Structure formats: structure tokens, C-alpha cells
Amino acid sequence: MKKHFILIPLLFITILVNAQVEKSSKLYKTIKEKDSLLFNIGFNNCDIIQFKELVSDNFEFYHDQAGITKSKAEFIQSIENGLCKLDYKPKRLIDEKSLDIFPLNNNGVLYGAIQTGTHSFYAIEKNKEEYLTSVAKYTHLWILENGNWKLSKGLSYNHKDVDKPIDSKLLFSDKEETERWLKQKNIPALGIGYIEGGKVKQVSVFGELEKGINAPNNTIWNVASLTKPITALVALKLIDSGKLSLDEALYKYYIDSDIINDPRAKKLTARIILSHQTGFSNWRGNNENGKLSFDFEPGTKYQYSGEGFEYLRKVLENKFNKSIQQLADELIFKPLKMFNTNFVWKEQYESRFAKWHTEKGGELYPILKNNTANGADDLLTTIEDYTTFVNYLVDGAGLSKNLFKEIVSEQVRINDFKHFGLGWWIDENINSNKDFAMVHGGDDIGVHTIAFIIPKAKQGLIIFTNSDNGTGAFQEVLLKYLGENGQGIMEVEMKR
């Protein structure tokens, strides 16, 4: 008969054994039965009697994560004080295809058997379906003691944890469940603001600012290009009050030195800037010479441009002799009590800032601490403040009906499914009623944010994340809160 050498490393013993027995053999069936009594009845039902009867007084157990159990008494105690007091019912199943039994003989007399295989562990919670928690390999040494089979040694190793399925009913309401979901997505922190029927229904923050530091409700987020809707509303407020015109030439208030001799500079208006028709690239640094220039005639087509909104900021600051922060404070932040929103960094933000994470999760980008404002990027705010701002827009933002209509009207066509208004993309025909959604996102290194407004339904949704992986959260949040409208928005966005 062919011999095999099996090494059990943690026991430091080498045993000479016969080849594994056939699955139809008496020994195979006997060991399988003993295993069933010990685990299907004992382990799965916390039956201490089965452990006491089937475990040897010389028992030792080696676990690659829980360590060494050196006696039967210690093992029984760990079962009674641990397994039997869990808030869920554990369940262990063997993979029968992996089950092998090897007889142990001494001069032709059977004295024991080695059982090897793979087993899986499940959790059964009250009124819920069971779920897989881990898979591992095992080796059991069974010894005949006075004619009775006893488990003498046990090893459980190569554990591979399996994430518990997310309970979708608890997602984004239950902190623990949502943060497990975030870990699966490799997204450190998530902020959600939800508006329904023109009222704020939820403002929540989940996760961590960085590893080991919980994100508080007043977490400060860099929201990247979600700065632009703020700058846009500042301009629109000034236009609505008659202090600025939507279509007047802006060169008389400010002109960038890079384009001072270009006649196209005189064609720039607030409408052209707010609808991204300036002809500027996104940032002048993207140009070969690093200077601001026109790629096409202003007002002739769409091209997203942060430079355009920076240009507008400088126009407003020069015309009104106030910083964009002062203008926003007067027109938006103070009236709405948005006391945690700023265009520049404040030292008190350090302890509650959502750090920027790479796609690898634990790695951080350096914090950008701007001491000068940018009209297009890097606004610092909380999810509560920005939700208040979006709800203000849901309610019309105190603007005249005609001007608000301009915000959502087609200023420039983007594709067959969407256009750009003033400061917002407009996703068309998002449901069977042919409603539309206002959409704006913010994307920088370690930052992905987005906001949605459905004016007819008076709905709003804001999502903040602090990771390169942040967009991985958008779809599930969108569908959870906006349902059919969210599905319609997704379909429009996928067609761009």
C-alpha cells in the first residue's frame, strides 16, 4: 500500500499514514458521523454534552487567528463563554468534496485517523437569512480511546473572511452598516444630504477623516467644483437686484492681462461664463504656454472651464470692491446661517477636515490650504451647510421666476440628452413625465462630490466623499434616495 507523510506543523509531529480511505469505507463513514455529532449538533447548536463526550481529555486546538487552546477544560469554557453567548447563531459546514480520511495504524492495528478538508462558517441572525462569514482549512486528529473515537488534536487555518452582505434597508441610515459598506468600497468618509418636498430630511456623515479618526457631523469637506454653483448664485443674486446685467460686457470691470489685446475679451458676459461658453480651456496651466487664451469665439459652443468662473470672481470683486467671500457672506452664507463655509482655509478646520485619500485607501494626498479664494474650485463646507444651500435653490433661491427659469433653460446644447443652463447641467427627460434634473459635480485628487436637484418634485441630494474611489458610492446613494428619478439621471449620465 502506498504511504504518505503528512506534516502537521503546529503540532511538530510527522505521522506515517496509509493512503486515504475510500468514501464508501466504514472508517470514512465513522469519522464523518463523529464530525457531524461534534459540529452539526455540538457547535451549531451549542450542545456542550457533545463536546464533553467527543473531545479527548488530552485535547489541544490550534487556530491561526485565535491562538492555542491547551486543554479540554479550556476549550469547553471558551465554548460556553464565547460561542454560546454570541448575539447570532453560528453554523459550520464541511465541504464534502474536500473531506479526506487517513487511517493511523500501529503494527496493523487501527488506533486513529486524520481528517482534513475545508469548512465554512455562517452566522444566523434573528429573523434574517444566514450569511457566510469565513472559509478555512482544517486538520483533525481522531484517536481511539478505550474503543471510543475522541478528537485529540484540531487545527483550523488559512482563514479567509467573507464580508457579511449589506442590509440595503439599513444602508445610509444605520451607521455601522453604512460604514461596513464604505470599507468594502474603500471609501473613508461619506456625507449625505437629502431634501424631500422642499424640506431637509437627512444630513449624515459616515466613516473616517483618516484611518482611526471618526468623521464628525460637522466634518469640513473640500467640495472641488461644487464651488461653482455658489459663485453662480452670487452673480445671479447681483443680477436679480439690478446691480449687474446677465448680458452686459464684463471687460469694463475686469480684463485678464493675458487676453487684454484680444478683441474676443469684450464679448464675455455673465451668461456666457455661467454656461461655459467662454472659449477658455479648463485651466490656463493646461495650455502649452501657461497663459489664458481663447480656443474659439465666446458664445458659440460649450467647453467646461474653471478659468471662466475664476474670471467671473475677479469681475465681481473688481466691480463691487469686495472679496467673493464677502459677497457670498452677504448674499448667501449669513442669511442661510452657513457659518462653516469658506473659500479659504482656516486653521480650526485642521481637526475636522476630511483628508484626501488615494484609491489605495490608506494613502493620503497633502492637504491644500488655500489662502486665496477660487471662484471655481476648493470651497470648504459641511454637508449641513451645502444641503441648506441646495434646499435654498429647491425653493427658488429668492430669485425672480424669470431669472430662475434662465438657470434651467437651454443656454447651450451638450448632447441629445442634456444641456447647460446657468451654473448647472440639466439632465432632460429623467422619467415618464419628462421631468428634468439640475446636476453639478466636483472632482479633484482625493475628492468626488455631486449634487442633484429635481425642481418639480422639490427633491435634492448631495453626496460628499474624500477618496479617489468616491464615485463608487454615487449610484447606490442616488438610487436609494431618488428611485425612478435617480435611475433616469443615471441613464442620462451614461449617455454623455
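This text follows the structure it describes.
A brief structural summary. (Residues numbered from 1 in each chain as written. Predicted model: local features only at pLDDT ≥ 70, side-chain atom pairs only at ≥ 80, totals over all residues. Heavy atoms only, no water.)

Some remarks on the packing of helix α5 (residues 227–240) against helix α7 (residues 306–320)
At their nearest, the axes of α5 and α7 sit 11 Å apart, and the two run at 40° to each other. The pairing of α5 with α7 is recorded here as oblique in orientation. For the pair α5 and α7, the sense of crossing is left-handed. Between α5, through K228, T231, A232, V234, A235 and L238, and α7, the contact on the second element is made entirely by G306, F309, L312, L316 and F320. Partitioning the contact of α5 with α7 into residue classes produces eight nonpolar, two polar and one charged. (Axes fitted to C-alpha atoms, helices over the stretch in contact; angles between N-to-C directions. Helix = DSSP H or I, 4+ residues; strand = E, 2+ residues; numbered from the N terminus. Parallel < 35°, antiparallel > 145°, perpendicular 65-115°, else oblique. Left-handed = near helix turned anticlockwise from the far one by under 90°. Contact = heavy atoms within 4.5 Å. Nonpolar A, V, L, I, M, F, W, Y, C, P; charged D, E, K, R; others polar.)

Digging into unusual backbone geometry
Of note in this structure, N186 is not a glycine but carries a positive phi near 60°. Along the chain, N186 turns up in the loop between α4 (175–185) and β10 (189–196). A residue is classified by how much of its surface remains accessible, and N186, at 30% relative accessible area, is partly exposed. (Buried < 20%, exposed > 50% of the residue type's maximum accessible area, 1.4 Å probe, protein only.)

Side note on the pattern of salt bridges
If you walk through the whole model with that rule in mind, you get 25 salt bridges. For E177, the salt bridge goes to R180, with nearest N and O atoms at 3.2 Å. In this pair, E177 and R180 are both assigned in helix α4, three residues apart and thus about one turn of the helix distant. Owing to a relative accessible area of 6%, E177 belongs among the buried residues under this scheme. Residue R180 is classed as partly exposed on the basis of its relative accessible area, which comes to 22%. Residues participating in the shared-partner salt-bridge network are D256, D258, R284 and E307. (Salt bridge = Lys/Arg side-chain N within 4 Å of Asp/Glu carboxyl O.)

Focus: the environment of F333
Mapped onto the elements, F333 comes out in helix α8 (residues 324–333). Through-space distance from the C-alpha of F333 to that of Y386 is 9.9 Å; in sequence the pair is 53 residues apart. Discounting residues that sit within four places of it in the chain, F333 has contacts with I230, Q325, A328, M338, T341 and F343.

Let's talk about the environment of K237
Inspection of the secondary structure puts K237 in helix α5. Remark: the alpha-carbon pair of K237 and G398, spanning 161 residues in sequence, is separated by 8.3 Å.

As for the pairing of strand β7 (residues 109–124)
Here strand β5 (residues 89–94) pairs with β7 via six bridges, running antiparallel. For L93, the partnering residue across the bridge sits in β7 and is S120. Relative to β7, strand β6 (residues 100–106) is paired through seven bridges, and the arrangement is antiparallel. The residue of β7 that forms the bridge with N105 is L110. Here β6 folds back onto β7, and the loop between the two strands holds two residues, one of which, N107, carries a positive phi near 55°. Summarising the sheet, β7 and strand β8 (residues 131–145) pair through 12 bridges and their orientation is antiparallel. Directly across from A123, in β8, lies its bridge partner Y131. (Pairing = 2+ DSSP bridges.)

Observations concerning helix α3 (residues 72–81)
Three or more residues of α3 are buried, namely K72, F75, I76 and I79. Projected down its long axis, α3 carries its buried residues within an arc of 95°, all on one side. Where α3 is buried, its residues contact α2 (48–54), β3 (55–63) and β4 (67–69). (Arc of directions from axis to C-beta.)

A short note on the nonpolar core
In this structure, L316 and Y386 are the most contacted members of the largest nonpolar core, which totals 69 residues. Core analysis: the next-biggest nonpolar cluster, separate from the first, contains 29 residues, L190, I430, F452 and V492 among them. (Core = buried A, V, L, I, M, F, W, Y, C linked by side-chain atoms within 4.5 Å.)

Let's talk about the sheet that holds strand β11 (residues 199–210)
Taken together, the nine strands give an open sheet; going across it, the order is β12-β11-β10-β20-β19-β18-β17-β16-β15, and neighbouring strands pair in antiparallel fashion. With one partner strand each, in any of the chains shown, β12 (213–214) and β15 (412–415) form the two edges of the open sheet. Sheet topology places strand β19 (residues 447–454) next to strand β20 (residues 459–465); seven bridges connect them, and they run antiparallel. Within the sheet, the bridge partner assigned to T449 lies in β20 and is F464. The strands touched by α4 are β10 and β11; relative to β11, the strand with the most contacts, the crossing angle is about 55°. Across the sheet, helix α11 (residues 474–494) lies against β10, β11, β16 (418–420), β17 (425–427), β18 (437–444), β19 and β20, angled at about 105° from β20, the strand it touches most.

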